[in-house]
Amino acid sequence: MNKSIQDAYQLAQARYAAIGVDTDRALEQLAQIPVSIHCWQGDDVGGFEVTEAGTAGGGIMATGNYPGRARTPEELRADLDQALSLIPGRHRLNLHACYAETNGKFVDRDQLRPEHFRNWVEWAQAKGMGMDFNPTFFAHPKADAGFTLSSPDEKIRRFWIAHGKACRKISAYIGRELGSPCVMNIWIPDGFKDIPVDRNGARARLKAALDEMLAEKLDPRYHLDAVESKLFGLGSESCVIGSHEFYLGYAVKNNLLLCLDTGHFHPTETVSDKLSSVLQFVDELLLHVSRPVRWDSDHVVIYNEELLTIAQEIIRNKFQHRIHLGLDFFDASINRIAAWVIGARNLLKALCVALLEPAEQLKTWERAGNYTSRLALLEDLKFLPAGAVWDYYCALRNVPAGTGWLAEVEKYEKNILNKRS
Ligand code: RNT
Ligand code: ZN
């Protein structure tokens, strides 16, 4: 290991030890937290279906035309390999149904089967990675009218219910093959552009459709269902059918995971504050860590205060066993591999910093009403050498520290990405 990284770590270790924090222990814990890496950053949420895809809808839109987008499953897997080699720790892959491999044949979404995902499973197996999965209720002609599971058209509803059922089988197959529960997240774009007169009708249809889709009990050792709400999207500005209250109620009533996407709430609401509320009533959560800029814009996750607060909420409460962490952003204006690496490393950095906090000491002061000491230490913590601990973690895990990873991405861009048309 690089001597300056080692030396800096030893000094940092002593600083943290002085406030009762064991840095080695913190890094052991960090290594136990997987992040589900979303496949869709690599190809701008395109997927590989053998048909003309519809418009994405619901506000899903990657903007930018940076060269090098993955055009085939092989390219996407190679790009993911490259990204994963620069992210410390062992993580998971989060795959959408539209990334099926159907051997050049058109297979509609209600007909998808586990075999269409075998290559992905084998890829994950070879790396000892777990996987998560998502039905794709957008970018399809049957979603172009803006409604899927809540559509007033029974045929459309049936189609999407069948897609959801097919995906649950695929998810359970993935979980069984990989020996780790596959979290299957349900997000639909359904909503009204303009002020509706029958919100209730659409929500009642969504509830009935979900009930039918999720009726079969599946083994939680292999498969877990999650539901994701949204505040608004492009084309669903006036009313989103699957709102927060809708899915919170649905998850509590049916004992499902609730997915909280950090870009899906009113700008003055924070997901960090919701975790300890919702976890009083659901067993587990899925987080889509994203970054809204004015709206649900899915920018690359940066190391900001809300990201750190989310990490602190998780670590201070030992919620890492109840919260599945996933990323959800898609930026097509920068190198896509760099986007994955930057976003994933930022989430891990936030978790690292949260693990370097003397949480019990802070809680003790708080319970005793000693807010002075609490504030003094919280402020001092901000200037402790967490960066030295993070660099050491990267070195331990054989991943470049600092921006050392960028040279690797640039090499890959020159040799591989720039050769793509
Ligand atoms: C959309 C949701 C959803 C998607 C992915 C691609 O607003 O956040 O999670 O981003 O399923
Ligand atoms: Zn999301």
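Data block above holds the structure.
Residues numbered from 1 in each chain as written. Chains lettered and ligands numbered in written order. Predicted model: local features only at pLDDT ≥ 70, side-chain atom pairs only at ≥ 80, totals over all residues. Heavy atoms only, no water.

S.K.: Would you take a moment to explain the nonpolar core for this structure?
M.R.: Generally speaking, a soluble globular protein has its nonpolar side chains buried in company with each other. Residues Trp 120, Phe 133, Leu 149 and Leu 287 are the most contacted members of the largest nonpolar core, which totals 129 residues. Here Leu 149 is in contact with Phe 137, Arg 157, Trp 160, Ile 161, Ile 188, Asp 190, Arg 205, Leu 206, Ala 209, Leu 210 and Met 213, once residues within four sequence places are set aside. Judged by nonpolar contacts, the second largest core, of six residues, contains Val 183, Leu 224, Cys 259 and Leu 286. (Core = buried A, V, L, I, M, F, W, Y, C linked by side-chain atoms within 4.5 Å. Buried < 20%, exposed > 50% of the residue type's maximum accessible area, 1.4 Å probe, protein only. Contact = heavy atoms within 4.5 Å.)

S.K.: Would you mind going over the environment of Gln 32 with me for this structure?
M.R.: With respect to the element layout, Gln 32 can be found in the loop between α2 (23-31) and β1 (35-38). Taking the C-alpha atoms as reference points, Gln 32 and His 91, 59 residues apart in sequence, are found 9.4 Å from one another. (Helix = DSSP H or I, 4+ residues; strand = E, 2+ residues; numbered from the N terminus.)

S.K.: Which parts of the structure should I look at to understand the pattern of salt bridges?
M.R.: Oppositely charged side chains are able to pair whenever their charged atoms sit close together. Under the definition given, this model contains 24 salt bridges. The residue Asp 225 makes a salt bridge to Arg 168 at a minimum N-O spacing of 2.9 Å. Here Asp 225 is found in strand β6 (residues 223-228), whereas its partner Arg 168 is found in helix α5 (residues 154-178), with 57 residues between them in sequence. You can call Asp 225 buried: its relative accessible area is 10%. Close ionic contact of Lys 363 with Glu 360 constitutes a salt bridge, the shortest N to O distance being 3.8 Å. (Salt bridge = Lys/Arg side-chain N within 4 Å of Asp/Glu carboxyl O.)

S.K.: So what exactly am I meant to see when it comes to the coordination of the zinc ion (ligand 2) here?
M.R.: Octahedral metals with six donors have ideal donor angles of 90 or 180 degrees. Tetrahedral metals with four donors have an ideal donor angle of 109.5 degrees. On the protein side, the zinc ion (ligand 2) has Glu 228 (OE), Asp 261 (OD), His 288 (ND1) and Asp 328 (OD) as donor atoms, found 2.1 to 2.2 Å from it. Coordination at the zinc ion (ligand 2) comes from six donor atoms whose angles at the metal span 71 to 168 degrees, giving a geometry best classed as octahedral. Mapped onto the polypeptide sequence, the residues donating to the zinc ion (ligand 2) form the spacing pattern E-x32-D-x26-H-x39-D. Taken together, the residues span a long stretch of sequence, with Glu 228 in strand β6 and His 288 in strand β9 (residues 285-289) at a distance of 60 residues. Summarising the burial analysis for this pair, Glu 228 and His 288 share the class buried. (Donors = N, O, S within 2.8 Å, 3.2 Å for Na, K, Ca; no water. Tetrahedral: all angles 85-135°; square planar, octahedral: opposite > 155°, others 65-115°.)

S.K.: Looking at this model, I keep getting lost on unusual backbone geometry. Mind explaining?
M.R.: Note: most residues except glycine have negative phi, and most peptide bonds are trans. Of note in the backbone geometry, Asp 44 takes a positive phi value of approximately 60 degrees without being a glycine. As for its placement among the helices and strands, Asp 44 is situated in the loop between β1 and α3 (73-84). The class of Asp 44 is buried, set by a relative accessible area of 19%. Non-glycine residue Ala 139 carries a positive phi angle of around 50 degrees. You can see Ala 139 is positioned in the loop between β3 (130-134) and α5. Residue classification places Ala 139 among the buried positions, given a relative accessible area of 12%.

S.K.: Even after reading the chapter, I still don't get the site of ligand 1, so can you show me in this structure?
M.R.: Every residue near ligand 1 is listed here: Trp 40, Ile 60, His 96, Trp 187, Glu 228, Lys 230, Asp 261, His 264, His 288, Asp 296, Asp 328 and Phe 330. In this structure, His 288 approaches ligand 1 through a side-chain N or O atom, which is 3.1 Å from an oxygen atom. One nitrogen or oxygen atom from the side chain of Asp 328 is found 2.8 Å from an oxygen atom belonging to ligand 1. Classifying every residue of the shell around ligand 1 gives four nonpolar, three polar and five charged. (Near = heavy atom within 4 Å. Polar contact = N/O pair within 3.5 Å; in protein donor to acceptor, adjacent residues only side chain to side chain. Nonpolar A, V, L, I, M, F, W, Y, C, P; charged D, E, K, R; others polar.)

S.K.: What is the right way to read the environment of Ala 376 from this model?
M.R.: Along the chain, Ala 376 falls in helix α12 (residues 371-381). Residue classification places Ala 376 among the partly exposed residues on the basis of a relative accessible area of 48%.

S.K.: Before we go on, may I ask you to explain the pairing of strand β11 (residues 295-299) in this structure?
M.R.: The two faces of the sheet receive side chains in turn, since in a regular strand these alternate between them. Pairing between strand β10 (residues 291-293) and β11: two bridges, direction antiparallel. Counted as the bridge partner of Val 293 is Trp 295 from β11. Between the antiparallel neighbours β10 and β11 lie one residue, among them Arg 294 with a positive phi of about 70 degrees. (Pairing = 2+ DSSP bridges.)

S.K.: What's the story with the layout of surface pockets in this structure? I'm lost.
M.R.: Rolling a probe over the atoms, with the probe sized like a water molecule, indicates the empty space that remains. If you add up the space inside the largest pocket, you get close to 580 Å³. Taken together, 25 residues form the lining of the largest pocket, with Tyr 303, Leu 308, Gln 312, Val 353 and Lys 382 sitting closest to its centre. Only α8 (271-278), α9 (305-316), α10 (336-355), α12 and α13 (386-396) provide two or more residues apiece to the lining of the largest pocket. Ranked by the residues each element gives to the lining of the largest pocket, the list is headed by α9, at six residues. Residues of the lining of the largest pocket, tallied by class, amount to twelve nonpolar, five polar and eight charged. (1 Å grid on protein atoms, 1.4 Å probe; cavity = no way out; pocket = protein on both sides within 12 Å on 5 of 7 lines; lining within 4 Å. Points joined across faces, edges and corners; volume = space filled by probe spheres on them.)

S.K.: Looking at this structure, how should I read the packing of aromatic side chains?
M.R.: By convention here, two paired aromatic rings are described through the distance between centres and the angle between planes. Throughout the structure, instances matching the rule amount to eleven aromatic pairs. Seen in terms of ring centroids, Phe 246 and Tyr 250 are 6.3 Å apart; in terms of plane orientation they differ by 5 degrees. Their pairing is stacked. Within this pair, Phe 246 and its partner Tyr 250 are both found in helix α7 (residues 244-254), separated by four residues, close to a single helical turn. Between Trp 390 and Tyr 393, the ring centres sit 6.1 Å apart and the planes meet at 40 degrees, which makes this aromatic pair tilted. Placement of the pair is Trp 390 and Tyr 393 together in helix α13, with a separation of three residues, close to one helical turn. The class for Trp 390 is buried, based on a relative accessible area of 6%. Judged by relative accessible area, Tyr 393 falls into the buried class, the value being 2%. Joined through ring pairs, the aromatic side chains of Phe 137, Phe 159 and Trp 160 make up one cluster. The ring of Phe 159 has Lys 142 lying over it, and the distance from NZ or CZ to the ring centre is 4.7 Å. (Phe/Tyr/Trp six-rings, centres within 6.5 Å; stacked < 30°, edge-to-face > 60°. Lys NZ or Arg CZ within 6 Å of the ring centre and 35° of its normal.)

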